[in-house]
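Architecture and fold: a report
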Amino acid sequence: MAGLTSSRSAFAITAKEPSYAEAFYGTSNGLYKGHWHDGTRGSQVGDVPTIQEILAARPTIRKPIRPLIVTAKTVLADAIRDERRNNMADKVLSADVVPKKFPVEAKNMTYPASAKKGADNPLYATSSQSIGKEVPMAHQITDRYFPSTNLFTKGFVDTRPRYTGLSTAPTHSKVHCALDEAY
């Protein structure tokens, strides 16, 4: 048992010194005896309410206040969403993204006439003039393409890249030169 002994004006605790095994290997649950703080046994408590009665006695908690959500029709946002959906082409099994429809059809393509002086003269004809002379036909223009977006780089939050190089300069000590780190 622990007790206090007074000698002159100092108090000394006369408690049993724990052994090595009790100090290092004793668990916090090892002090559990099965008694309440007032000394009554845990098995002799008496009338204990059920968990349903305890939960029914709790006050009801109201839901937290949330921001207002706009439920009105958003005509412009719906039009943009529908336009994006219409620009999508049929899914390709070998691709991980959904392709987009090519924005121009062959029947809508026209090339302006060359404004160069003497463009119709065969003496001054170039290969680029002969390549772009005819309007492409429907089988020469693709019907879908896979554009790349900048969504990946938008995910970076740093305005500029961090310095990730190797610093080989020695770290000088502010206290003494013997404490300098040369590695």
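Report follows, based on the coordinates. (Residues numbered from 1 in each chain as written. Predicted model: local features only at pLDDT ≥ 70, side-chain atom pairs only at ≥ 80, totals over all residues. Heavy atoms only, no water.)

The subject of this paragraph is the overall build of the chain. Of regular secondary structure, the chain possesses five helices and four strands. Mapped in sequence order, the helices and strands of the chain form the string β-β-α-α-α-β-α-β-α. Buried residues in the chain amount to 3% of all 183 residues. Expressed as a percentage of contacts within the chain between residues at least 6 apart in sequence, the contacts between residues at least 24 apart total 42%. By element, 58% of the accessible surface of the chain is carried by carbon and sulfur atoms, the whole surface being about 18900 Å². (Helix = DSSP H or I, 4+ residues; strand = E, 2+ residues; numbered from the N terminus. Buried < 20%, exposed > 50% of the residue type's maximum accessible area, 1.4 Å probe, protein only. Contact = heavy atoms within 4.5 Å. Areas by Shrake-Rupley, 256 points an atom, 1.4 Å probe, with all protein chains shown as cover.)

The subject of this paragraph is the packing of aromatic side chains. A full pass over the atoms with the stated rule returns two aromatic pairs. Summarising the aromatic geometry, the rings of Tyr 20 and Tyr 25 are spaced 6.5 Å apart at their centres and angled 75° between planes, so their arrangement reads as edge-to-face. Considered together, Tyr 20 and Tyr 25 belong to a single accessibility category, that of exposed residues. The interplanar angle of 85° and the centroid separation of 5.9 Å between the aromatic rings of Phe 102 and Tyr 145 together place this pair among those described as edge-to-face. Here the residue Phe 102 occupies a position in the loop between strand S3 (100-101) and helix H4 (127-131), and Tyr 145 occupies one in strand S4 (residues 144-145), the gap between them amounting to 43 residues. (Phe/Tyr/Trp six-rings, centres within 6.5 Å; stacked < 30°, edge-to-face > 60°.)

Within this structure, the stated rule accounts for three salt bridges. Where Arg 81 meets Asp 78, a salt bridge forms, and the shortest distance between an N and an O atom there is 3.0 Å. Of this pair, Arg 81 and Asp 78 both sit in helix H3 (residues 75-86), three residues apart, roughly one helical turn. On the basis of relative accessible area, Arg 81 is assigned to the partly exposed category, the value being 43%. The class of Asp 78 is partly exposed, set by a relative accessible area of 25%. With a shortest N-O distance of 3.4 Å, Asp 82 and Arg 85 are connected by a salt bridge. Placement of both Asp 82 and Arg 85 in helix H3 is noted, with a separation of three residues, approximately one turn of the helix. (Salt bridge = Lys/Arg side-chain N within 4 Å of Asp/Glu carboxyl O.)

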